[in-house]
Amino acid sequence: MTNEYILECKNLVKTFETNSGTVKATDNVTLKLKRGECYGLVGESGCGKSTLSSLLSLLKQPDSGKMFFDGKEIFNGNKTISNSKIKQFRRHFQIIFQDPYSSLNPKMKIESILEEPLIIHKIGKSKEERKRLVNEIRMLTGLPLNVLEKYPSELSGGQRQRVAIASAMILKPDFVICDECVSSLDVLIQAQILNLLKSMQESMNLTYLFISHNLNVVAYMADRIGVMYKGKIVEENTTSTLLKNPEHPYTKKLLLASGLLQEQDMDQAMKPL
């Protein structure tokens, strides 16, 4: 029986020590993502969005809480997650970062960058088969053939982001985190990348966690939206309901800043939190 929720986390806590004391980057975050949906996570810089994405992708380990992927427990309490479990998990779970230039190895050609995940996860019985898989994902992401022989520094920002997307998608994952993945691109290229992600979600039956501070972009992509404020998810609803009937004062402020707020809610949104 297929689990309705592909990813669940319960009471995730991650703290950091700063000059001003201990800060809870994520404060008992509980989240359930339905299989096949795009869940948008919004909030201002420093609210904990990227920390949460690092926890969910196991780039960082939580201080406490629980995590389940496809109904299977991958984290409980404060136990260290084994490297073998992390590798097994990442075969099905990928992340697309904000800056494609820093996330791509500048010393590797694009063909090698795309082939590397296949080698790590032992996919493809031969070099020829891996080349075929690389070429398939190249075409799916709209990259020209001559890109494969180039280095990241020789590509445009939009092409680099397409390579980053191809590198994540070549493993045919079930779940992908898009962490501010269009914020460094100009508006026209943003639209192209967003449409590419939508098309790939449909054709590959993907589940997305789409993280951004830009509520307009999230509203275009997401089926549901969660609003994060000071390490907590303070409101969650379907996209249409949240845009029409926001409840939390912080959500209303985000909508006001994005030009999406209904006129009758402006006075309340202008009040201090």
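The structure this text deals with has already been given above.
As a starting point, this report considers the structure included with it. Since this is a predicted model, take the numbers as computed values, not measurements. (Residues numbered from 1 in each chain as written. Predicted model: local features only at pLDDT ≥ 70, side-chain atom pairs only at ≥ 80, totals over all residues. Heavy atoms only, no water.)

### Quick notes on the overall build of the chain
- What the chain contains, in helices and strands, is eleven helices and ten strands.
- On C-alpha atoms alone, the chain measures out to a radius of gyration of 19 Å, which is about the 19 Å that the 2.2 N^0.38 rule sets for 273 residues.
- Projected onto its principal axes, the C-alpha coordinates of the chain cover approximately 60 × 45 × 45 Å.
- Relative to its full complement of 273 residues, the chain shows a buried share of 47%.
- Counting only carbon and sulfur atoms, one obtains 48% of the accessible surface of the chain, whose full area is about 13600 Å².
- When the 36 basic and 30 acidic side-chain charges of the chain are each reduced to a single mean position, those positions are 5 Å apart. (Helix = DSSP H or I, 4+ residues; strand = E, 2+ residues; numbered from the N terminus. Rg over C-alpha atoms; globule rule 2.2 N^0.38 Å. Buried < 20%, exposed > 50% of the residue type's maximum accessible area, 1.4 Å probe, protein only. Areas by Shrake-Rupley, 256 points an atom, 1.4 Å probe, with all protein chains shown as cover. Lys, Arg positive; Asp, Glu negative; His and termini not counted. Charge placed at Lys NZ, Arg CZ, Asp CG, Glu CD.)

### Topic: the pattern of salt bridges
- Counted according to the given criterion, the structure contains eleven salt bridges.
- A salt bridge links K232 to D27; the shortest N-O distance between them is 3.2 Å. Within this pair, whereas K232 is found in strand β10 (residues 232-238), its partner D27 is found in strand β2 (residues 21-34), the two being separated by 205 residues in sequence.
- Looking at K232, the relative accessible area reads 38%, which means it is partly exposed.
- Under the relative-accessibility criterion, D27 is labelled buried at 14%.
- Across the pair E115 and K127 runs a salt bridge whose closest N-O atoms are separated by 2.8 Å. Of this pair, E115 sits in helix α4 (residues 110-120) while K127 sits in helix α5 (residues 127-140); the two residues are twelve residues apart in sequence, bridging distant segments of the chain. (Salt bridge = Lys/Arg side-chain N within 4 Å of Asp/Glu carboxyl O.)

### Some words on the layout of surface pockets
- Space inside the largest pocket adds up to approximately 580 Å³.
- Lining the largest pocket are 23 residues, and of these Q94, I95, F97, P117 and S167 lie nearest its centre.
- Of all the secondary structure elements, the ones that give two or more residues to the lining of the largest pocket are α2 (83-90), β6 (93-96), α4 and α6 (157-169).
- Residues belonging to the lining of the largest pocket are distributed by class as follows: 14 nonpolar, six polar and three charged.
- Roughly 250 Å³ of volume is contained in the second largest pocket.
- What lines the second largest pocket is F69, D70, K72, E73, I74, K85, Q88, F89, H92 and D174. (1 Å grid on protein atoms, 1.4 Å probe; cavity = no way out; pocket = protein on both sides within 12 Å on 5 of 7 lines; lining within 4 Å. Points joined across faces, edges and corners; volume = space filled by probe spheres on them. Nonpolar A, V, L, I, M, F, W, Y, C, P; charged D, E, K, R; others polar.)

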